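Examination of the molecular architecture
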Amino acid sequence: MHDDTNTLSGQRLSQARRVVIKIGSALLVDQSSGALHREWLEALCTDVVALREQGKEVILVSSGAVALGARRLEIDVRRSRLPDHQAAAAVGQIQLAHAYEEVLGQFGFTAAQVLLTLDDSESRPRYLNAVNTLFTLLKLGVIPVVNENDTVATQELRYGDNDRLAARVAQMISADCLILLSDVDGLYTADPQTNPDARYIPEVTALTDDYWAMAGGPGSDLASGGMRTKLDAARIALDAGCQMLITSGHIMRPLQALEAGARATWFLPDSTPRAARKQWIAGTLQPKGRLKVDAGAVEALSGGRSLLPAGVTGVEGSFVRGDAVSLLDPHGNELGRGLIAYAADEARAIIGQQSAAIPEILGYRGRDEMIHRDDLVLVRQRPGTST
Ligand code: GLU
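Now for a quick tour of the structure. (Residues numbered from 1 in each chain as written. Predicted model: local features only at pLDDT ≥ 70, side-chain atom pairs only at ≥ 80, totals over all residues. Heavy atoms only, no water.)

Let us look at the packing of helix α7 (residues 124-139) against helix α8 (residues 162-172). At a minimum axis distance of 10 Å, the contact between α7 and α8 shows a crossing angle of 75°. Regarding the angle of α7 to α8, the classification is roughly perpendicular. For the pair α7 and α8, contact is made by Tyr-127, Ala-130, Val-131, Leu-134 and Phe-135 and by Arg-168, Val-169, Gln-171 and Met-172, respectively. For the contact of α7 with α8, the class distribution of residues is 7 nonpolar, 1 polar and 1 charged. (Axes fitted to C-alpha atoms, helices over the stretch in contact; angles between N-to-C directions. Helix = DSSP H or I, 4+ residues; strand = E, 2+ residues; numbered from the N terminus. Parallel < 35°, antiparallel > 145°, perpendicular 65-115°, else oblique. Contact = heavy atoms within 4.5 Å. Nonpolar A, V, L, I, M, F, W, Y, C, P; charged D, E, K, R; others polar.)

Dropping the structure here:
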């Protein structure tokens, strides 16, 4: 813990390149009337635009659909069942998306609505499609506004809270900073509203059991995320090498306030998103297939290049796009592991060929690389130090 954490916030934020901001329902929707806080959203978007002007990529994860829809439908979501909840989300999501589209539009930015379910982050092909869409939106300069696809999520298969969803989004796109704008301004040893001895925790570097013991129940009526879901989110973020912070959104321009030293709790990973991803590729996946590569490819890979189809001499196993495969050198030794950009039958069809020939062989334009260098870890490379 450091006492000067709040002055470090501005510095940490200024170094971040790709930022995910989670906006809780209680900030965006008035708790008693159920109306959208338009002025607050405008102020927040002023901050978002300021981050964009500093050259950062920004993804918003916004709650509020259920709260807005519930107001319109006059449903009390606290007492309703899942279908009512879903109906409220279906109605409210239109309003929510419209508000972002309008407000970001005032600043000359285009908003994109991205609705995800737990399935989308757990099933490999859907995960990859979601990742590709998010990256494409960022490349096009669009600001994605993500929410859970509440209308199709089932009771068992849903995030249910946007804290964890936001952390998964941060992990999916290798964000380096996740900001949870919340109705609390940080993590405390106990609930500060009920316990005068509650102490503020400025910085967390490891999620020890003590923190889980401290996490109390949910805070406000409209938000489903209490401290527990925030710690769940922190675990996902830290494993992905992404720093996370909790700060209060109950002020106008909360990000500007953060830069000026407003209170926050920072969760600091011991790795970077890139190193964490490489670690994951190297260590935790069961390879689904094997690619044999020629001597030229061995040299190119050792020099930090991607694996092109031209350098592959054989394909074994059955795998889909995005699966982990191991790479064998001409002597049959494992050279490394990577996430392959093609399914097994497609890979078999394009090996030994120039990348320019891929569209003609497969009938569509896939990636030039069979395994991109970012998706590749060589055996002799230590993931924490790879470039
Ligand atoms: N997806 C829900 C909504 O938009 C919010 C979940 C949450 O509050 O975390 O209303």
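Tallied over the full model, the rule gives 18 salt bridges. With a shortest N-O distance of 2.6 Å, Arg-253 and Asp-47 are connected by a salt bridge. Highlighted residues: Arg-253 in the loop between β9 (243-248) and α11 (254-259) and Asp-47 in helix α3 (residues 38-53), separated in sequence by 206 residues. The class for Arg-253 is partly exposed, based on a relative accessible area of 25%. On the basis of relative accessible area, Asp-47 is assigned to the buried category, the value being 3%. Of the charged contacts, one joins Arg-367 and Asp-375 as a salt bridge, the two residues approaching to 3.8 Å between their closest N and O atoms. For Asp-375, a relative accessible area of 9% gives the class buried. Each of Arg-277, Arg-367, Glu-369 and Asp-375 takes part in salt bridges that share partners, so that together they form one network. (Salt bridge = Lys/Arg side-chain N within 4 Å of Asp/Glu carboxyl O. Buried < 20%, exposed > 50% of the residue type's maximum accessible area, 1.4 Å probe, protein only.)

This paragraph deals with the sheet that holds strand β13 (residues 324-328). Spatially, the 5 strands line up as an open sheet ordered β12-β11-β13-β14-β15, and their pairing is mixed. The strands lining the two open edges of the sheet, one partner per strand, are β12 (312-317) and β15 (376-378). Mean inter-strand twist for the sheet, computed between neighbouring axes without regard to direction, equals 20°. Where helix α12 (residues 273-283) meets the sheet, it contacts β14 (334-339) and β15, and its direction lies at approximately 120° from that of β14. (Pairing = 2+ DSSP bridges.)

Note that Ser-62 resides in strand β2 (residues 57-62). Given the relative accessible area of 1%, Ser-62 is considered buried. Non-local contacts of Ser-62, meaning those with residues more than four positions away in its chain, are made with Ile-23, Leu-28, Leu-96, Tyr-100, Val-145, Val-146, Asn-147 and Asn-162.

This part is about the site of the ligand. Lining the immediate surroundings of the ligand are 10 residues, of which Ala-65, Val-66, Asn-147, Asp-150 and Asn-162 lie closest. Within the backbone of Ala-65, a nitrogen or oxygen atom sits 3.0 Å from an oxygen atom of the ligand. Separating a nitrogen atom of the ligand from a side-chain N or O atom of Asp-150 is a distance of 2.9 Å. Coverage of the ligand by the protein chains reaches 94% of its 300 Å² of free accessible surface. Classifying every residue of the shell around the ligand by side-chain character gives 2 nonpolar, 6 polar and 2 charged. (Near = heavy atom within 4 Å. Polar contact = N/O pair within 3.5 Å; in protein donor to acceptor, adjacent residues only side chain to side chain. Areas by Shrake-Rupley, 256 points an atom, 1.4 Å probe, with all protein chains shown as cover.)

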